[in-house]
Amino acid sequence: MLIMLGRPRWTVGLAVVVLAMVSPAWAMQAATDSAPTYESLIERLDAMPSTLEAQALSDAAQARAQQAAALPNPTLSYDRENFSGSGPYSGNRAAENTLAVNQPLELWGKRRARVQAAQAEALAADLRAGQQRWWSAGQLAQVYSAAEASERRYALATEALSLIEQDAQAVAALVREGREATLRSVQAQSEVESARATLDEARAIRDAAFARLSAWAMLPTPVATVGNSLLDREPKASLVQTNDPLSVQVTQAELEAASRLVTVEKRRALPDVSAAVGLRRFEETGDDAMTAGITLTVPLFDRNRGGIRAAYADQRAAEARLTAQKQAAYADRLAAQATLEASNSRTRAADSGVAAAEEAYRLSRVGFDAGRISQLELRSSRAALIAARNAAVDARQARVMAEIDLALLEGRAPFGETP
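Residues numbered from 1 in each chain as written. Predicted model: local features only at pLDDT ≥ 70, side-chain atom pairs only at ≥ 80, totals over all residues. Heavy atoms only, no water.

How would you summarise the environment of Glu39 if you had to cite specific residues and measurements?
Position of Glu39 among the secondary structure elements: in helix 3 (residues 38-42). Sequence separation between Glu39 and Ala413 is 374 residues; the distance between their C-alpha atoms is 9.7 Å. Beyond its immediate chain neighbours, meaning those up to four positions away, Glu39 contacts Asn228 and Arg233. Within the structure, Glu39 has its side chain in polar contact with the side chain of Asn228 (distance 3.1 Å). For Glu39, the side chain forms a polar contact with the side chain of Arg233, separated by 2.7 Å. (Helix = DSSP H or I, 4+ residues; strand = E, 2+ residues; numbered from the N terminus. Contact = heavy atoms within 4.5 Å. Polar contact = N/O pair within 3.5 Å; in protein donor to acceptor, adjacent residues only side chain to side chain.)

Dropping the structure here:
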């Protein structure tokens, strides 16, 4: 959109020289330090810290599910009775030595409930890891498009400064010829200084945006230009999905985990049973005998009523979150689709506005040079052209943001294929 319509070749060359003189260091970097393409950065999602963290949490949940299936360890005990007493029990002649193994028995479905709860939590963690991955993809697309937009706005600010300087030179010529008051020249010079300040601000915003892109994508060296364009991509029409959005799937998995925990808490209220088997040695006669026993806890004082109520409360909270998430996901999807369609229309309208503004400015400049158009009219058409070009960048950036929102709901990378 940096087309200089209706201008002689020396004006185009002047704009190029101005761009190089404004920031020669950046111009040199732009030729050598280009960011990788968006697709190549998407392929690196699994190496980003946020994705690594989510995957690590998922791995931890999977490990806890595996651990939940482990049987409780047995207890080995040794008892020595009837020794060092009085009368017939003095010394060790009447001593009895017992070696026993005690094994907890997870009856009443306790182990099964614990395993199912851990597996449900692992599934929820795995879905959250996938959700985090697509969130990271959206953030990457946002940072990438912001860097590209700042680069374009910097180029537009450079172009605007060139146009304003050219107009200021034309005004100065008319002032020298006595065809315009000196005030017009002062006003034109003031516009030049304002445009230079705008250019400095655009440069700072551009440098900050590329610094964020370099940091977010974990690039080894800073970059100063994007590898390919996201702003010029028109997102493909999204197909109607029959499966639930990823956010709903995550909430459903969390509800399932909460329901499984209710069962776990109920099983905890039941008695704990342990079986013991041992070998007893009678020192006085040298005989051996087997021992066996059952231990049963009596749930007299602690029946885990508070734990059960808390588990039911967590389940109700998860049900409420699921209901709200379903409603929000449905509304968010409709809104994202509508916003994306509106952004496409807005982009097409902005491009048409740029073409019209460029032609209007060209005709205004011709009329001004011929003395048929006033400086105010020329300034108005130039301001309209600058605003139209910036509006076109804004429309493209808004389109990218709409695609990011829709992609996150569908569980995919922005501008990627719908699963």
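Go over the packing of aromatic side chains, please, and point to the residues and values.
Overall, the coordinates contain 3 aromatic pairs when judged by the stated rule. When the ring of Tyr38 is compared with that of Phe415, the centres are 6.4 Å apart and the planes differ by 85 degrees; the resulting orientation is edge-to-face. In this pair, Tyr38 sits in helix 3 while Phe415 sits in the segment after helix 9 (375-410), placing the two residues 377 residues apart along the sequence. By the burial criterion, Tyr38 is buried, and Phe415 matches it. Where Trp135 meets Trp216, the ring centres are 6.2 Å apart and the plane angle is 70 degrees; that geometry is what we call edge-to-face. (Phe/Tyr/Trp six-rings, centres within 6.5 Å; stacked < 30°, edge-to-face > 60°. Buried < 20%, exposed > 50% of the residue type's maximum accessible area, 1.4 Å probe, protein only.)

Can you lay out the packing of helix 5 (residues 110-176) against helix 9 for me, pointing to particular residues and giving the numbers?
For any two helices packed against each other, the geometry comes down to the angle between their axes and how far apart the axes lie. It is at 9 Å that the axes of helix 5 and helix 9 come closest, and there the two elements cross at 175 degrees. One way to sum up the angle between helix 5 and helix 9 is to call them roughly antiparallel. Here the contact of helix 5 with helix 9 is built from residues that sort into 18 nonpolar, 7 polar and 8 charged. (Axes fitted to C-alpha atoms, helices over the stretch in contact; angles between N-to-C directions. Parallel < 35°, antiparallel > 145°, perpendicular 65-115°, else oblique. Nonpolar A, V, L, I, M, F, W, Y, C, P; charged D, E, K, R; others polar.)

Tell me about unusual backbone geometry, and please be specific about residues and values.
Here Met218, not a glycine, exhibits a phi torsion of approximately 55 degrees, which is positive. Within the fold, Met218 resides in the loop between helix 6 (182-216) and helix 7 (246-268). With a phi angle near 55 degrees, Asn304 is a residue other than glycine that sits in the positive phi range. Mapped onto the elements, Asn304 comes out in the loop between strand 4 (287-296) and helix 8 (305-369).

Lay out the packing of helix 5 against helix 6 in plain terms, naming residues and giving numbers.
As a packed pair, helix 5 and helix 6 sit with axes 8 Å apart at the nearest point and diverge in direction by 160 degrees. The pairing of helix 5 with helix 6 is recorded here as roughly antiparallel in orientation. Note that helix 5 runs across helix 6; the crossing there is left-handed. Looking at the contact of helix 5 with helix 6, its residues break down into 23 nonpolar, 6 polar and 9 charged. (Left-handed = near helix turned anticlockwise from the far one by under 90°.)

Please give an account of the sheet that holds strand 3 (residues 273-282) that cites residues and values.
Each strand in a sheet pairs with its neighbour through backbone hydrogen bonds, running either in the same direction (parallel) or in the opposite one (antiparallel). Spatial ordering of the open sheet is given by 1-2-3-4, a layout of 4 strands whose pairing is antiparallel. One side of each edge strand has no neighbouring strand; the edge strands of this open sheet are strand 1 (75-81) and strand 4. Going across the sheet, the axis of each strand differs from the next one's by a mean of 20 degrees, ignoring polarity. Pairing of strand 1 with strand 2 (residues 96-105), which is carried by 7 bridges, proceeds in the antiparallel orientation. Considered in strand 2, the bridge of Leu76 is made with Val101. (Pairing = 2+ DSSP bridges.)

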